[in-house]
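Spelled out from the first residue to the last, the chains are:
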Amino acid sequence: MRGAILIMENTSRKKESASEALEKLKTGNQRFVNGESIHPNTGAEWIALAGRANQRDYAYATVISCSDSRVPVERIFDVGIMDVFVVRVAGNVLDHAEIGSVEFGISCVTTPLIVILGHTQCGAVTAVTHALHGREQDDAIHIPILVDNIQPAVERAMAKRPD
């Protein structure tokens with residue numbers, strides 16, 4: 001799966017540096033790609049720790065990811081409980097609630113790194129593309145909100161690559 005990652009540094013508090021956090025994610029991703037995942041920090045002791053510890057002492061990245069089932073963040077980066085603070089939303093678009101969640105990751109969980117994880121074959125982006133090409137879609141009541149947020153990016157991409 002091809003994807004794109006946009007990285008920004010959170011300088012509000014020092015724990016691991018953004019570079020160290022990024023290196024951890026890259027190392028975990030390489031294990032995943034090689035089929036050598038170790039699934040760290042997932043045992044009973046970590047489950048118990050999560051019930052009593054503050055995630056701000058452990059989480060080293062805020063990851064913004066699509067809700068798509070093909071992008072399981074903890075698996076892709078081979079991380080465990082309390083390693084990453086994840087915000088997932090279809091189409092990777094941020095509205096008020098998602099922006100608030102990202103702000104929480106930065107200011108309350110104090111992650112030194114923000115990662116925006118993109119991916120190929122996004123179902124939400126595909127649905128918007130189909131709608132813009134006039135193909136009928138069966139929208140639920142709140143899906144148009146996602147469409148409105150994704151549509152400008154899809155229109156720009158279609159203008160550059162009409163195929």
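Positions within a chain are numbered from 1, following the residues in the order the chain's sequence is written. Side-chain atom pairs in this predicted model are given and counted only at pLDDT of 80 or more, local residue features only at pLDDT of at least 70, and totals for whole chains, interfaces and linings cover all residues. Hydrogens and water molecules were not included; the side-chain quantities draw on all heavy atoms of the structure.

## Topic: the overall build of the protein
Going by this rule: Only runs of H or I of at least four residues qualify as helices and only runs of E of at least two qualify as strands under DSSP, and these elements are numbered from the N terminus. Note on classification: 1.4 Å probe, protein chains only; a residue is buried when its accessible area is under 20% of the maximum for its type, exposed when over 50%, partly exposed between these limits. Accessible surface area values rest on a Shrake-Rupley calculation with a 1.4 Å probe, where residue burial reflects the displayed protein chains alone.
Of the regular secondary structure elements, the protein holds six helices and four strands. Going from N to C terminus, the protein has its helices and strands arranged as β-α-α-β-α-β-α-β-α-α. Classification of the 163 residues of the protein by burial places 32% in the buried group. When the accessible surface of the protein is split by element, carbon and sulfur atoms take 54% of a total near 9700 Å².

## Comments concerning the pattern of salt bridges
Our working rule: Salt bridges are identified by distance alone: a Lys or Arg side-chain nitrogen within 4 Å of an Asp or Glu carboxyl oxygen.
Tallying each qualifying case throughout the model produces four salt bridges. Salt-bridge contacts for Asp-78 lead to Arg-31; the nearest nitrogen and oxygen are separated by 2.6 Å. Taken as a pair, Asp-78 in the loop between helix H3 (73-76) and strand S3 (84-88) and Arg-31 in helix H1 (residues 18-33) lie far apart in primary sequence, 47 residues in all. Asp-68 is paired through a salt bridge with Arg-70; the nearest N and O atoms lie 2.7 Å apart. Residue classification places Asp-68 among the buried positions, given a relative accessible area of 12%. Under the relative-accessibility criterion, Arg-70 is labelled partly exposed at 37%.

## So, the confidence of the model for the protein
As a general rule, the predicted coordinates of low-pLDDT regions are not to be interpreted in detail. Basically, it comes down to this: On a range of 0 to 100, pLDDT expresses the predictor's confidence in each residue. Contacts are residue-level and defined by heavy atoms, with any inter-residue pair within 4.5 Å sufficient.
Counting all residues, the mean pLDDT for the protein is 85, and 86% of those residues have values of 70 or more. In the model, residues 8-13 has pLDDT below 50 throughout and makes 15 contacts with residues more than four positions away in sequence or in other chains.

## Description of the nonpolar core
Here is the rule: To form a nonpolar core, buried Ala, Val, Leu, Ile, Met, Phe, Trp, Tyr and Cys residues must be joined to one another through side-chain atoms within 4.5 Å.
Leu-25, Ala-61, Val-63, Phe-77, Leu-113 and Leu-117 are the most contacted members of the largest nonpolar core, which has 16 residues in total. Elements represented by at least two residues in this core include exactly H1, strand S2 (61-65), H3 and strand S4 (113-117). The element that contributes the greatest number of residues to this core is H1, accounting for four residues. Counting eight residues, the second largest nonpolar core, distinct from the first, contains Cys-66, Cys-122, Val-147 and Val-154.

## A word on the packing of aromatic side chains
Applicable threshold: Pairing of aromatic side chains requires ring centres within 6.5 Å, counting the rings of Phe and Tyr and the six-membered ring of Trp. Pairs whose planes differ by under 30 degrees are stacked, by over 60 edge-to-face, and all others tilted. Only Lys NZ and Arg CZ are tested; either one counts as a charge over a ring when it is within 6 Å of the ring centre and within 35 degrees of the ring normal.
For the structure shown, the criterion picks out two aromatic pairs. Summarising the aromatic geometry, the rings of Trp-46 and Tyr-58 are spaced 5.7 Å apart at their centres and angled 80° between planes, so their arrangement reads as edge-to-face. Of this pair, Trp-46 sits in helix H2 (residues 44-52) while Tyr-58 sits in the loop between H2 and S2, and the two are 12 residues apart along the sequence. What makes Trp-46 buried here is its relative accessible area of 17%. Seen from the ring of Tyr-60, Lys-24 lies directly overhead, with NZ or CZ sitting 4.4 Å from the centre.

## Here's the deal with the pairing of S4
It is a general feature of regular strands that their side chains alternate between the two faces of the sheet. Cut-off, in case you're wondering: When DSSP finds two or more bridges between a pair of strands, those strands are recorded as paired.
Burial analysis of S4 places four of its five residues in the buried class, which makes it a mostly covered element. In this structure, S2 lies alongside S4, joined through four bridges in parallel fashion. The residue of S4 that forms the bridge with Ser-65 is Leu-117.

## Comments concerning the environment of Leu-22
Here Leu-22 is to be found in helix H1. For the pair Leu-22 and Ala-61, spaced 39 residues apart in sequence, the C-alpha to C-alpha distance is 8.0 Å.

## Overview of the side chain of Thr-62
Tracing the backbone through its elements, the reader meets Thr-62 in strand S2. On the basis of relative accessibility, which here comes to 0%, the residue Thr-62 falls in the buried class.

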